[in-house]
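Here's the letter readout for the chains.
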Amino acid sequence: MRVVSSLINLAFVVLAGGFAAAALVRFSPGFDVDENSWNPRLTASTIEAMHRARQVEAELPKFYLRYLRGALHGDFGASEAYRQPVSELFRERAPVTARLVVFGTAGGLALGALLAWVAVWPRRAFPELIAASASGALLAIPPAVLALAFFFWQAPLSLAVALAVLPRVFGTIRSVLGDLYSSPELLAARARGVGATRIALRYVLRAGLPQWLALAGVALILAFGLAVPIEALCDVPGIGQLAWKAALARDLPVLCALGLIVTFLVASVQSIGEIVGAAR
Amino acid sequence: MIFVRRAAVTALVAITLLGLLAPMIAPYPYNRQFRDFPGAAPSRAFPMGADEIGRDRFSRLVWATRVSVALAPAAALTSVALGLAISALSGFRSRVVRRGVESLTTICLSLPWIFLFLVLRAELPLNTGPAASVALTFGLMGIAGWAWPARVFTAAIAGMIDSGWMLQARAAGVSNLRIAAVYAWPHIRSLAAAQFRVLIPAYILSEASLGLLGLGVPDPLPSWGNLLRDLQQPEVVKANPWVLAPLALLMIAMVSLELLPSRPERAI
């Protein structure tokens, strides 16, 4: 029952999120203006046809319903700025962003876990201070500046994403690790002389699996959010750059699809967290 | 640790004073152009050099500190107040209302708010005063950011609904308003203070990122964010490392805010 209710809620939130994103774009200034109207090479009838197409989009509820009908069949419309189907644009750009986001998330979680382990495992104030200071220093750097530095040094941008994700997950990992490392089972295992690797695998990874999964979801969304400024500033041809350019060009079909995807991601992570929490 | 925290408090006080006393400390107004000195190197007249249109970098940094330090707490307060007001609705026993608040929070967390900033920048008339434009930018940040604290408050309120004292208050016929103000608020107060403290650095960082993208505080008014735009030109950074000063100040402020002791620790 809980799963069904979460799925219904997920569907509602995704639909409402997509509509809200479309409304934001529709009512932004300059939406009704198409720069191609001033293109001297276009004939009057072509410009008139473009105006008619724009008029259809101006009626938001109608546009959104038609858009959703198409989306259900895998047709997300055509980008006005790129003159290309949105699904094709996403197919071309998704692997670039996926690499950035997945490696960035994995790296951020791994480095965050390592730093949190340094803070928790030795049970000494000094390593804890060092770990917290390293995380605090990274948190103090705007992610866009970090990405720019990596871009100019020609270092992998996914590492910049990882370093931006790290301090944002460090606190949670440290708190979960702290709870797990002070659990009676783990203390007993340490007293029995069980090795650090076995403890990490059995008592930390397995016992805290729901929390780790929830955290991974949050980190994934965080990394996706970071992709927009990073790709826009560093000229990476991914979904983030597409979102930025689409926002500047008021490209409604692209932004509508992005609204649906981002809302789906966030709402799915929340639903999974709710279901896992209820199951526990 | 006490020494580190004292250093953090000192740094924050120094940065705040720098911002508050900007008119006295800055040698020139932030928008004064010295047209004979575009991109001037650091000198006695321009301690950190001049930017590409001849404005003193030091003066602009001092004024930027005033903007960023004063307005981030205001934006954080707006978010916390909005978050509290909206999450208070989840205190009603109706499941539909609670679900509605949760869904609204999720939608707001997933909306591409960057469009709102684009809209705002496009809507502002060219003759908008610096004070109005900066208040709008931070005001919008405050409004857009209500969902994060609201999620925390909603979870806390959900934990309170079935508590013994809440049931007793309801059974005694205490009104919802009185329950919220007299019984629930003391439980939420420390959480609200913590959220306020967490949001200040978050908004300073957000403004910096928006400034880098050109969506933050508009020129000519300086902020740490729009001063960082020079970092997009590595040749400018190489020629005048003082361009990094806003980043250094921002990092010092962020680290100091992180190191501030929390309320329970202070009580201990």
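Along each chain, the written sequence defines residue order, and numbers are assigned to residues from 1. Each chain gets a letter, beginning with A, and each ligand a number, beginning with 1, in the order they are written. The model is predicted, so local features are restricted to residues of pLDDT at least 70 and side-chain atom pairs to those at 80 or more, both for listing and for counting; the totals for chains, interfaces and linings are taken over all residues.

Asks: Sorry, what's going on with the overall build of chain B here?
Replies: Scanning chain B from N- to C-terminus turns up 13 helices and 0 strands. Helix and strand assignments follow DSSP, with helices taken as H or I runs no shorter than four residues and strands as E runs no shorter than two, numbered in order from the N terminus. Along the chain direction, N to C, the helices and strands of chain B fall in the order α-α-α-α-α-α-α-α-α-α-α-α-α. Three exposure classes are used. Buried residues have 20 or more other C-beta atoms within 10 Å of their own C-beta, exposed residues have 12 or fewer, and partly exposed residues fall in between, all C-beta atoms being placed from the backbone. The buried share of chain B, reckoned over its 268 residues, is 39%. Residue pairs qualify as contacts under a 7 Å threshold applied to their C-beta atoms, which are placed from the backbone. The contacts in chain B between residues at least 6 apart in sequence include a share of 67% that link residues at least 24 apart.

Asks: What should I look at first to understand the overall build of chain A in this one?
Replies: Within chain A, the regular secondary structure consists of 12 helices and 2 strands. In chain A, the succession of α and β elements from N to C terminus is α-α-α-β-β-α-α-α-α-α-α-α-α-α. Here the contacts in chain A between residues at least 6 apart in sequence split such that 73% fall between residues at least 24 apart.

Asks: I would appreciate a short explanation of the packing of helix α9 (residues 176–213) of chain B against helix α12 (residues 245–259) of chain B in the present structure.
Replies: Helix-helix packing is characterised by the crossing angle of the two axes and by the distance between the axes. All names here are of chain B. Angular values range over 0 to 180 degrees, each being the angle between N-to-C directions of two axes fitted as lines to C-alpha atoms, with helices fitted over their stretch in contact. At a minimum axis separation of 10 Å, α9 and α12 run at an interaxial angle of 160 degrees. Put simply, α9 runs roughly antiparallel to α12. Two packed elements cross with a definite hand, and for α9 against α12 that hand is left-handed. Here α9 contributes Ile200, Pro201, Ile204 and Ala208 to the contact with α12, which in turn contributes Leu250, Ala253, Met254 and Leu257. Any angle that is under 35 degrees is reported as roughly parallel, and any over 145 degrees as roughly antiparallel; angles of 65 to 115 degrees are reported as roughly perpendicular and all others as oblique. If you view the pair so one helix is near and one far, a crossing is left-handed when the near helix is turned anticlockwise from the far one by less than a right angle, and right-handed when it is turned clockwise.

Asks: What is the right way to read unusual backbone geometry from this model?
Replies: Most peptide bonds adopt trans geometry, and most residues besides glycine take a negative phi value. Residue and element names in this part refer to chain A. The phi dihedral of Gln154 falls on the positive side, at around 55 degrees, and the residue is not glycine. Mapped onto the secondary structure, Gln154 falls in the loop between α6 (143–152) and α7 (157–181). Residue Asp235 is not a glycine yet carries a positive backbone phi of 55 degrees. Topologically, Asp235 is positioned in the loop between α10 (209–234) and α11 (239–249).

Asks: Honestly, the nonpolar core in this entry has me stumped. Any pointers?
Replies: Soluble globular proteins tend to pack their nonpolar side chains together in the buried interior. Core analysis: the biggest nonpolar cluster contains 129 residues, and Val161 and Ile230 of chain A have the highest contact counts within it. Beyond its immediate sequence surroundings of up to four residues, Ile230 of chain A is in contact with Pro143, Ala144, Ala147, Leu157, Ala160, Val161, Val236 and Gly240 of chain A. Defined on buried residues, the nonpolar core groups Ala, Val, Leu, Ile, Met, Phe, Trp, Tyr and Cys residues joined through C-beta atoms within 7 Å.

Asks: Could you clarify how one ought to interpret helix α6 (residues 130–144) of chain B in this entry?
Replies: Owing to its 3.6 residues per turn, the α-helix aligns residues three or four sequence positions apart on the same side. Given a helix with a known number of residues, its expected span is that number minus one, times 1.5 Å. Over its 15 residues, α6 of chain B extends 21 Å from the first C-alpha to the last, a length consistent with the 21 Å expected when each residue adds 1.5 Å. Residues Val134, Thr137, Phe138, Met141, Gly142 and Ala144 of chain B constitute the buried set of α6 of chain B.

Asks: Sorry, what's going on with the environment of Ala81 of chain A here?
Replies: All names here are of chain A. Here Ala81 shows up in the loop between β1 (78–79) and β2 (84–85). Remark: the alpha-carbon pair of Ala81 and Leu215, spanning 134 residues in sequence, is separated by 36 Å. Excluding residues within four positions of it along the chain, Ala81 makes contact with Lys245, Ala246, Ala249 and Asp251.

Asks: It is not clear to me how the environment of Gly104 of chain A should be interpreted in this structure. Could you clarify?
Replies: Residue and element names in this part refer to chain A. Its location among the elements puts Gly104 in helix α4 (residues 86–120). Taking the number of C-beta atoms within 10 Å as the measure of exposure, Gly104 has 29 and is therefore buried. Gly104 sits 104 residues away from Gly208 along the chain, and the two C-alpha atoms are 22 Å apart. Once residues within four sequence positions are removed from consideration, Gly104 is found in contact with Ser158, Val161, Ala162, Val165 and Ala223.

Asks: Help me out: how do you make sense of the confidence of the model for chain A in this one?
Replies: Predicted coordinates in regions of low pLDDT should not be interpreted in detail. On average, chain A scores 80 in pLDDT, and the residues at 70 or more come to 88%. Ranking the elements of chain A by mean pLDDT puts helix α2 (residues 44–58) of chain A last, at 70, and α4 of chain A first, at 90. Every residue gets a pLDDT, meaning the predictor's confidence in that residue, from 0 to 100.

Asks: How should I be thinking about the confidence of the model for chain B in this particular structure?
Replies: Residues and elements named next belong to chain B. Confidence in the prediction for chain B averages 82 pLDDT; 90% of positions are at 70 or higher. Per-residue pLDDT stays below 50 along residues 264–268; that stretch engages in 1 contact with residues further than four places along the chain or on separate chains. This prediction of the complex comes with two scores: 0.75 for pTM and 0.72 for ipTM.

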